[in-house]
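Now for the letters of each chain:
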Amino acid sequence: MALFHILLVAILQGLTEFLPVSSSGHLILLSQITPLPDQGLAIDVAAHVGTLAAVVIYFWQDVRVALLGLPRMLTGRIDTPGARLAFLLIIATLPVIVLGLIFKLTGLADALRSIAVIGWTMIGFGLVLWWSDRKGSQTKTAQDWSINEAWKLGLWQAVALIPGTSRSGITITGARMAGYTRHDAAKLAMLMSIPTIIASGALLSIDVAQQADWQTAKDSAFAAVFSFAAALIALSLMMRLLRSVSFTPYVIYRVILGLILLVIAYS
């Protein structure tokens with residue numbers, strides 16, 4: 001791959017992974033509406049590794065608490081904040097793992113990769129995000145997260161397997177509907193992304209390992225570094241702005257892009 005192509009994919013992935021605008025939708029569009037070829041699984045995995053590192057570093061205090069509580073949780077003792085957080089994150093990740101395997105085995109993952117699908121989901125789920133953000137209360141914080149709500153948010157997250165939905169966007173939507181503040185809804189969505197990215201990356205790595213070579217390794221390293229930098233910048237700005245700005249700017253962007261895509265798809 002050309003260095004420019006790698007940088008474009010990495011930066012696009014990094015900037016859109018945690019914003020509620022769908023990173024997968026943007027990457028699919030890159031290969032469908034430009035002359036650039038699909039970046040391939042190796043670059044996909046590398047870009048996800050970069051974004052994973054970014055979210056882990058940004059939320060390191062919470063991640064550290066969950067990691068320290070993981071051994072206790074594995075022994076069946078969910079009696080500390082760390083063990084409880086680790087348990088809730090696992091519960092919230094199960095739906096997307098199960099549905100993701102179904103999508104992969106049935107071919108739905110490839111069948112839904114179209115400009116029309118992305119256009120409709122950009123608009124539809126963007127408007128749902130706007131509605132939930134306008135109507136959602138501002139009472140709950142991340143400390144109020146329960147097993148029941150972890151399971152429900154996990155189901156919301158699984159919907160993001162449809163291209164153009166946005167994993168962070170649909171999870172934030174579910175959290176806002178459940179009554180979480182904007183900042184804490186986004187925080188839960190970001191924490192939920194960690195085991196989800198690990199699971200999806202592990203699944204993709206099985207295929208990547210069979211076609212790895214030195215050039216692919218170098219390209220992947222570049223992709224990981226640049227997606228990390230872009231993701232950390234985007235994540236930091238969004239979390240800071242959410243204390244004073246709503247999700248409406250992201251919704252406007254989604255609707256405009258969705259309309260453009262529908263014109264392209266049906267013309």
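Residues numbered from 1 in each chain as written. Predicted model: local features only at pLDDT ≥ 70, side-chain atom pairs only at ≥ 80, totals over all residues. Heavy atoms only, no water.

Observations regarding the overall build of the protein
Then comes step 1: What the protein contains, in helices and strands, is 12 helices and 0 strands.
Then comes step 2: For the protein, the α and β elements follow one another from N to C terminus as α-α-α-α-α-α-α-α-α-α-α-α.
Then comes step 3: At 18 Å, the protein has a C-alpha radius of gyration in line with the 18 Å of a compact globule built from 267 residues.
Then comes step 4: By principal-axis analysis of the C-alpha atoms, the protein measures approximately 55 × 45 × 35 Å.
Then comes step 5: The burial tally for the protein puts 48% of its 267 residues in the buried class.
Then comes step 6: A separation of at least 24 residues holds for 80% of the contacts in the protein among residues at least 6 apart in sequence.
Then comes step 7: Carbon and sulfur atoms form 71% of the exposed surface of the protein, whose accessible area is close to 12,600 Å².
Then comes step 8: Here the protein carries 18 positive and 13 negative side-chain charges, and the mean point of each set is 10 Å from the other. (Helix = DSSP H or I, 4+ residues; strand = E, 2+ residues; numbered from the N terminus. Rg over C-alpha atoms; globule rule 2.2 N^0.38 Å. Buried < 20%, exposed > 50% of the residue type's maximum accessible area, 1.4 Å probe, protein only. Contact = heavy atoms within 4.5 Å. Areas by Shrake-Rupley, 256 points an atom, 1.4 Å probe, with all protein chains shown as cover. Lys, Arg positive; Asp, Glu negative; His and termini not counted. Charge placed at Lys NZ, Arg CZ, Asp CG, Glu CD.)

Let's talk about the packing of helix H5 (residues 81-106) against helix H8 (residues 147-159)
Then comes step 1: Between H5 and H8, the least distance of the axes is 8 Å, while the angle of their chain directions is 30°. Classified by the angle their axes make, H5 and H8 are roughly parallel. For the pair H5 and H8, the crossing hand works out as right-handed. Contacts from Phe87, Leu88, Ile91, Ala92, Thr93, Pro95, Val96 and Leu99 in H5 reach Ile147, Ala150, Trp151, Gly154, Leu155, Gln157 and Ala158 in H8.
Then comes step 2: Taken together, the residues that form the contact of H5 with H8 break down as 12 nonpolar, 3 polar and no charged. (Axes fitted to C-alpha atoms, helices over the stretch in contact; angles between N-to-C directions. Parallel < 35°, antiparallel > 145°, perpendicular 65-115°, else oblique. Left-handed = near helix turned anticlockwise from the far one by under 90°. Nonpolar A, V, L, I, M, F, W, Y, C, P; charged D, E, K, R; others polar.)

Some details on the pattern of salt bridges
Then comes step 1: Following the criterion strictly, the structure yields 5 salt bridges and no others.
Then comes step 2: Measuring nitrogen to oxygen at the nearest pair gives 2.6 Å for the salt bridge that ties Asp79 to Arg72.
Then comes step 3: Among the ionic pairs, Lys140 bridges to Glu149, the shortest N-O distance being 2.4 Å.
Then comes step 4: For Glu149, a relative accessible area of 14% gives the class buried.
Then comes step 5: When salt bridges with common partners are traced through the structure, they connect Asp133, Arg176 and Arg182 into a single cluster. (Salt bridge = Lys/Arg side-chain N within 4 Å of Asp/Glu carboxyl O.)

Focus on a nonpolar patch on the surface
Then comes step 1: Where nonpolar side chains cluster on the molecular surface, the patch consists of Ile90, Leu94, Ile97, Leu101, Leu105, Trp151, Leu155 and Leu203 and spans about 720 Å² of accessible area.
Then comes step 2: You can call Leu155 partly exposed: its relative accessible area is 42%. (Patch = residues over 30% accessible without salt bridge, like charges linked within 9 Å, V, L, I, M, F, W, Y side chains within 5 Å.)

Quick word on unusual backbone geometry
Then comes step 1: For Ser22, which is not glycine, the phi dihedral falls at a positive 75°.
Then comes step 2: Of note, Ser22 is situated in the loop between helix H1 (3-17) and helix H2 (23-32).
Then comes step 3: Even without being glycine, Ser166 reaches a positive phi, approximately 85°.
Then comes step 4: Its place among the elements puts Ser166 in the loop between H8 and helix H9 (167-177).

A look at the packing of aromatic side chains
Then comes step 1: Inspection of the entire model under this criterion finds 2 aromatic pairs.
Then comes step 2: The interplanar angle of 75° and the centroid separation of 4.9 Å between the aromatic rings of Tyr58 and Phe59 together place this pair among those described as edge-to-face.
Then comes step 3: Assessed through its relative accessible area of 5%, Phe59 is described here as buried.
Then comes step 4: On the basis of an interplanar angle of 45° and a centroid distance of 6.3 Å, the ring pair of Phe247 and Tyr250 is categorised as tilted.
Then comes step 5: Classification of Tyr250 as buried rests on a relative accessible area of 16%. (Phe/Tyr/Trp six-rings, centres within 6.5 Å; stacked < 30°, edge-to-face > 60°.)

Details of the side chain of Ser168
Then comes step 1: Note on placement: Ser168 falls in helix H9.
Then comes step 2: For Ser168, a relative accessible area of 0% gives the class buried.
Then comes step 3: When residues no more than four places from it in sequence are discounted, the contact partners of Ser168 are Glu17, Phe18, Leu19, Pro20, Ala189 and Met190.

Digging into the nonpolar core
Then comes step 1: Residues Val55, Phe59, Trp145, Met190 and Met238 are the most contacted members of the largest nonpolar core, which totals 40 residues.
Then comes step 2: Counting only elements with at least two residues in this core, the list comes to helix H3 (41-58), helix H4 (60-74), H5, H8, H9, helix H10 (182-208), helix H11 (214-241) and helix H12 (248-266).
Then comes step 3: The element best represented in this core is H10, accounting for 9 residues.
Then comes step 4: Not counting chain neighbours up to four residues away, the residues in contact with Phe59 comprise Lys187, Met190, Leu191, Leu235 and Met239.
Then comes step 5: Counting 10 residues, the second largest nonpolar core, distinct from the first, contains Ile6, Leu27, Leu30 and Ala223. (Core = buried A, V, L, I, M, F, W, Y, C linked by side-chain atoms within 4.5 Å.)

A short note on the environment of Met73
Then comes step 1: For Met73, the position within the fold is in helix H4.
Then comes step 2: Along the primary structure Met73 and Ala47 are separated by 26 residues, whereas in three dimensions their C-alpha atoms are 30 Å apart.
Then comes step 3: Contacts of Met73, omitting those with residues within four sequence positions, involve Ile78, Ala83, Ala86, Phe87 and Ile90.

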